[in-house]
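# Per-entry structural report
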Amino acid sequence: LFAMKAVPACVMPPVYFRLILQQMLRIGYFSLPVVGLTAFFTGGALALQIYLGSSRFNAESLVASIVALGITRELGPVLAGLMVAGRVGASIAAELGTMRVTEQIDALESLGRSPMSHLIIPRVLAGLVMIPVLTIFANAIGVLAGWWSAKQVLPIGNADFTYGAQYYWRPFDAYSSFIKAFFFAGAITLIPC
């Protein structure tokens, strides 16, 4: 019921752009370090582990393809969503819960302001914009970390990694990553609100 009220309110006035930009900063910009660090270590570890498994079957050439597909299709959106949910979801729930307990939301209503458009919609819209952006960032960092790991530790050259990463990768992989991130964003912002 809450989601059914919140989704239509996202496109109805009033829209507080200043509040949306503040929430975009909190949700997106301040989450960059944790999302980037997690994606970096996951991409590097994935390349090493895939190489260890595939070298037993003389399939080392598949390392780049599996890293690119694994990060883009699944790990990028999931890691970005988990990191943002842990960092931002708890913050949103605590902030709005404290506002409810201390009757700040009631005071907002008594001033004639809609709590939905003033508190909920900026967080939801900011999440719907920034979590897909963070996912794209996590995808890029994860694949680059896999490339760096393969270049530094494994006997895989730049040309081999680039060719392997492009061979099986399709634009639909990026679209599916973006779609997953969009739905994760809705859940990550609506549930704590």
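Description of the structure in this document. Just so we're clear, the structure is a prediction, and the values are computed from it rather than from any experiment.

### Quick notes on the packing of helix α4 (residues 63–101) against helix α7 (residues 158–168)
α7 packs onto α4 with a crossing angle of 55° between their chain directions and a minimal axis gap of 7 Å. Between α4 and α7, the angle is such that the two are oblique. For the crossing formed where α4 meets α7, the hand is right-handed. Residues A64, S65, V67, A68 and L69 of α4 form the contact with α7, whose participating residues are F161, G164, A165 and Y168. When its residues are assigned to classes, the contact of α4 with α7 shows 7 nonpolar, 2 polar and no charged.

### A short note on the layout of surface pockets
Reported here for the largest pocket is a volume of approximately 250 Å³. Elements supplying a minimum of two residues to the lining of the largest pocket: α4, α6 (115–152), α7 and α8 (171–190). Here the element with the most residues in the lining of the largest pocket is α6; it accounts for 5 residues. By residue class, the composition of the lining of the largest pocket is 9 nonpolar, 6 polar and no charged.

### Quick word on α7
For α7, the set of buried residues is F161, G164 and A165. Looking straight down α7, one finds that the buried residues subtend no more than 95° of arc, so they occupy a single side. Away from its buried face, by an angle of more than 90 degrees, α7 presents the exposed residues A159, Y163 and Q166. The inward-facing, buried residues of α7 abut α4 and α6.

Rules and cut-offs
- Residue numbers restart at each chain and count upward from 1, following the sequence in its written direction.
- For a predicted model such as this one, the threshold for reporting local features is a pLDDT of at least 70, and the threshold for listing and counting side-chain atom pairs is 80 or more; totals across whole chains, interfaces and linings nevertheless cover every residue.
- Only hydrogens and water are set aside when side-chain values are computed; all heavy atoms of the structure are taken into account.
- The axes are straight lines fitted to the C-alpha atoms, using for helices just the contacting stretch, and the angles between their N-to-C directions are given from 0 to 180°.
- The helix and strand labels rest on DSSP assignments: H or I over at least four residues marks a helix, E over at least two residues marks a strand, and numbering proceeds from the N terminus.
- Under this scheme an angle from 65 to 115 degrees is roughly perpendicular, one under 35 degrees roughly parallel, and one over 145 degrees roughly antiparallel; angles in between are oblique.
- We call a crossing left-handed when the near helix sits turned anticlockwise from the far one by less than a right angle, and right-handed when that turn is clockwise.
- It only takes one pair of heavy atoms within 4.5 Å for two residues to be counted as in contact.
- Ten residue types, Ala, Val, Leu, Ile, Met, Phe, Trp, Tyr, Cys and Pro, are classed as nonpolar, four, Asp, Glu, Lys and Arg, as charged, and the remainder, Gly among them, as polar.
- In this analysis a 1.4 Å probe is tested at points of a 1 Å grid over the protein atoms alone, and where it fits but cannot get out there is a cavity; an open set with protein on both sides within 12 Å along at least five of seven lines is a pocket; lining residues have an atom within 4 Å of a point.
- Grid points are joined across faces, edges and corners, and a volume is the space filled by probe spheres set on the points.
- Type-normalised accessible area, obtained with a 1.4 Å probe on protein chains alone, sets the label of each residue: buried when under 20%, exposed when over 50%, and partly exposed for intermediate values.
- Each C-beta atom gives one direction from the helix axis, and the arc is the one those directions make.

Purely geometric numbers; function is a separate question.
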